[in-house]
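# Remarks on the overall topology
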Amino acid sequence: MSRKKIVAGNWKMNKNIFEGKQLVNDILESGLELRDDLEVVIAPPFTSLELAASQLKDSKNIYLAAQNCHQEASGAYTGEVSAEMLKGIGVSYVIIGHSERRQYFGETDAILAQKVDAVLKQSMKVIFCCGEPLEIREAGTQNAYIQTQIENGLFHLDEAAFKNIVIAYEPIWAIGTGLTASDEQAQEMHAHIRSLVAAKYGETVADNTSILYGGSCKPSNAAGLFACPDVDGGLIGGASLVAADFAGIIKAR
Ligand code: PGA
C-alpha cells in the first residue's frame with residue numbers, strides 16, 4: 001500500500017492577501033515536521049494563490065490547491081478561472097465538487113465530471129468531494145447516495161487518469177456545524193468508498209487512493225479519525241484558518 005496521507009486546508013472565502021500571507025507564514029513557522037509519506041495542501045482563495053506559491057516554493061511536501069475552476073479551457077465566461085491559469089501559477093490540486101459549490105452554485109454531477117477532466121488535462125490532481133445531507137443520513141441511504149456522486153463524477157475516467165484522484169468524504173451535516181462524524185461512521189463510509197473504487201479499478205488502485213475526511217475536523221478529534229484504517233487524512237475548513245489548529249491536526253496525522 002503506497003497511498004499518501006494528506007491534510008488539506010480549505011480556506012473557503014476567507015483571508016485577504018495580507019491575512020493569507022500571514023497565515024502561510026504562521027503555518028511554515030509552526031514547527032511542522034513533514035514526513036515523506038505526508039502531504040500538506042493549502043487551498044486559499046484565487047487572490048492569494050500566486051503569493052502563496054512564492055512563499056511555499058522552497059518547502060517540501062506542502063502543495064497548493066485551488067478551490068474551484070471552470071470546466072472550459074478558455075472563452076467568454078466572465079468571472080471564471082481555467083485549469084490552465086491555475087497550473088501556470090504553480091497549483092498542484094483543485095478541489096472539485098465541494099458541497100457548497102454543488103448547493104450554492106448549482107454544480108451538477110455532469111459539470112463536475114467535466115471539471116475533473118479539465119484539471120487532469122493540465123496534469124494537476126483533483127480532490128473530489130462527496131457527502132450526504134442530513135436527511136439522507138437519517139434515512140440510512142447514504143451509501144447509495146455517495147455511490148451515485150462518485151460514479152457520476154469520477155467513474156468515466158480510465159485507470160491511469162484515476163490515479164490522480166483524491167477523494168474527500170464530507171458529510172454535509174458535519175461541515176461547519178461542530179458535529180463530526182464518529183470515527184465509526186467515517187471508517188464505514190471510507191471503506192464503502194474504497195470498495196467502490198476496488199470494484200471499478202481493482203484492489204491495487206483502491207489501496208493506493210487517498211480518502212480524506214472533512215467536516216468539523218479539529219485537533220481534538222483528528223487523531224481518532226486519522227487512526228481509522230481507511231481514513232487517510234483530512235480536508236479541513238474552519239480549523240485551517242488558525243495556524244496552531246491546522247498544525248495540531250497535521251501532527252495528529
Ligand atoms: P469544516 O469544513 O472543517 O469547517 O467543517 C470542511 C470543508 O468544508 O471542507
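Residues numbered from 1 in each chain as written. Predicted model: local features only at pLDDT ≥ 70, side-chain atom pairs only at ≥ 80, totals over all residues. Heavy atoms only, no water.

## Looking at the pattern of salt bridges
Enumeration over the complete set of coordinates arrives at 11 salt bridges. In this structure, the salt-bridge partner of Glu 107 is Arg 101, at a minimum N-O distance of 2.9 Å. Overall, the relative accessible area of 8% leaves Glu 107 in the buried class. Here Asp 109 makes a salt bridge to Arg 102, at a shortest N to O gap of 3.0 Å. (Salt bridge = Lys/Arg side-chain N within 4 Å of Asp/Glu carboxyl O. Buried < 20%, exposed > 50% of the residue type's maximum accessible area, 1.4 Å probe, protein only.)

## Focus: unusual backbone geometry
For Ser 123, which is not a glycine, the phi torsion comes out positive at approximately 60°. Within the element layout of this structure, Ser 123 appears in the loop between helix H5 (109-121) and strand S5 (125-130). Ser 123 sits in the exposed class, given a relative accessible area of 59%. A positive phi angle is found at Ser 216, which is not glycine, with a value near 55°. The exposure class assigned to Ser 216 is buried, which follows from its relative accessible area of 16%. (Helix = DSSP H or I, 4+ residues; strand = E, 2+ residues; numbered from the N terminus.)

## Examining helix H12 (residues 243-252)
Along H12, the positions that sit buried rather than exposed are Ala 243, Phe 246, Ala 247, Ile 249 and Ile 250. Down the axis of H12, the buried set is contained in an arc of 160°. They therefore lie on one face. Of the exposed residues in H12, the ones pointing more than 90 degrees away from its buried face are Ala 244 and Lys 251. (Arc of directions from axis to C-beta.)

## A closer look at the sheet that holds strand S6 (residues 165-169)
By definition, the strands of a sheet pair up through backbone hydrogen bonds, in either a parallel or an antiparallel sense. Here 8 strands make up a closed barrel; going around it, the order is S1-S2-S3-S4-S5-S6-S7-S8 and the pairing parallel. Adjacent strand axes in the sheet meet at a mean angle of 25° when their direction is disregarded. Alignment of strand S2 (residues 38-43) against strand S3 (residues 62-66), held across 3 bridges, turns out to be parallel. Looking across to S3, one finds that Ile 42 is bridged to Leu 64. (Pairing = 2+ DSSP bridges. Axes fitted to C-alpha atoms, helices over the stretch in contact; angles between N-to-C directions.)

## Section: the side chain of Asn 10
Structurally, Asn 10 can be placed in strand S1 (residues 5-10). Leaving out residues up to four positions away in the same chain, Asn 10 has contacts with Ala 43, Gln 67, Ile 95, His 98, Leu 235, Ile 236, Gly 237 and Ser 240. (Contact = heavy atoms within 4.5 Å.)

## Digging into the packing of aromatic side chains
Note on aromatic pairs: each is described by the distance of the centres and the angle between the planes. A complete count under the given rule lists 4 aromatic pairs for this structure. A centroid spacing of 5.5 Å and a plane angle of 85° characterise the contact between Phe 155 and Tyr 201, whose relative ring orientation is edge-to-face. Here the residue Phe 155 occupies a position in the loop between helix H7 (142-154) and helix H8 (159-162), and Tyr 201 occupies one in helix H9 (residues 183-201), the gap between them amounting to 46 residues. Accessibility assignment for this pair places Phe 155 and Tyr 201 in one class, buried. Taken together, the ring pairs in this structure connect Phe 155, Phe 162 and Tyr 201 into an aromatic cluster. One cation-aromatic arrangement involves Arg 101 over Phe 105; the distance from NZ or CZ to the ring centre is 4.0 Å. Above the face of the Tyr 201 ring, Lys 200 is positioned so that its terminal group lies 5.9 Å from the ring centre. (Phe/Tyr/Trp six-rings, centres within 6.5 Å; stacked < 30°, edge-to-face > 60°. Lys NZ or Arg CZ within 6 Å of the ring centre and 35° of its normal.)

## Some thoughts on the site of the ligand
By nearness alone, 13 residues border the ligand, and Lys 12, His 98, Glu 170, Gly 176 and Ser 216 come closest of all. With respect to the ligand, the side chain of Lys 12 contributes an N or O atom lying 2.7 Å from an oxygen atom. Take Glu 170: an N or O atom from its side chain is 2.6 Å from an oxygen atom of the ligand. Its free accessible area being 280 Å², the ligand has 95% of it covered by the protein chains. (Near = heavy atom within 4 Å. Polar contact = N/O pair within 3.5 Å; in protein donor to acceptor, adjacent residues only side chain to side chain. Areas by Shrake-Rupley, 256 points an atom, 1.4 Å probe, with all protein chains shown as cover.)

## Considerations on the nonpolar core
Formed by 68 residues in total, the largest nonpolar core has its most connected members in Leu 154, Phe 162, Ile 165 and Ile 167. Take this core: its biggest share by element is 7 residues, from H9. Leave out the neighbours within four places in its chain, and Leu 154 touches Val 116, Phe 128, Phe 162, Ile 165, Ile 167 and Tyr 201. Counting residues in each nonpolar core, the second largest holds 13 residues, with Ile 6, Val 41, Ala 65 and Cys 129 among its members. (Core = buried A, V, L, I, M, F, W, Y, C linked by side-chain atoms within 4.5 Å.)

## Some remarks on the packing of H7 against H9
Helix-helix packing is described using two parameters, namely the angle between the two axes and the distance between the axes. One way to put it is that H7 packs onto H9 with a least axis distance of 10 Å and a crossing angle of 45°. When the interaxial angle is binned, H7 and H9 end up oblique. For the crossing formed where H7 meets H9, the hand is right-handed. Contacts between H7 and H9 involve Gln 142, Asn 143, Ile 146, Gln 147, Ile 150 and Leu 154 from the first element and Met 189, His 192, Ile 193, Leu 196 and Tyr 201 from the second. (Parallel < 35°, antiparallel > 145°, perpendicular 65-115°, else oblique. Left-handed = near helix turned anticlockwise from the far one by under 90°.)

## Some words on the pairing of strand S8 (residues 233-236)
The side chains of a regular strand alternate between both faces of the sheet. Along S8, one buried face is formed by Gly 233 and Leu 235 and the opposite face, lined by Gly 234 and Ile 236, is buried too. Where S1 and S8 come together, 4 bridges link them in parallel fashion. Across the sheet, residue Gly 9 finds its bridge partner in S8, namely Ile 236. At this point the chain moves from strand S7 (residues 211-214), through helix H11 (residues 219-226), to the parallel S8, and the crossover so formed is right-handed. (Right-handed = clockwise from strand over helix to strand, strands pointing away.)

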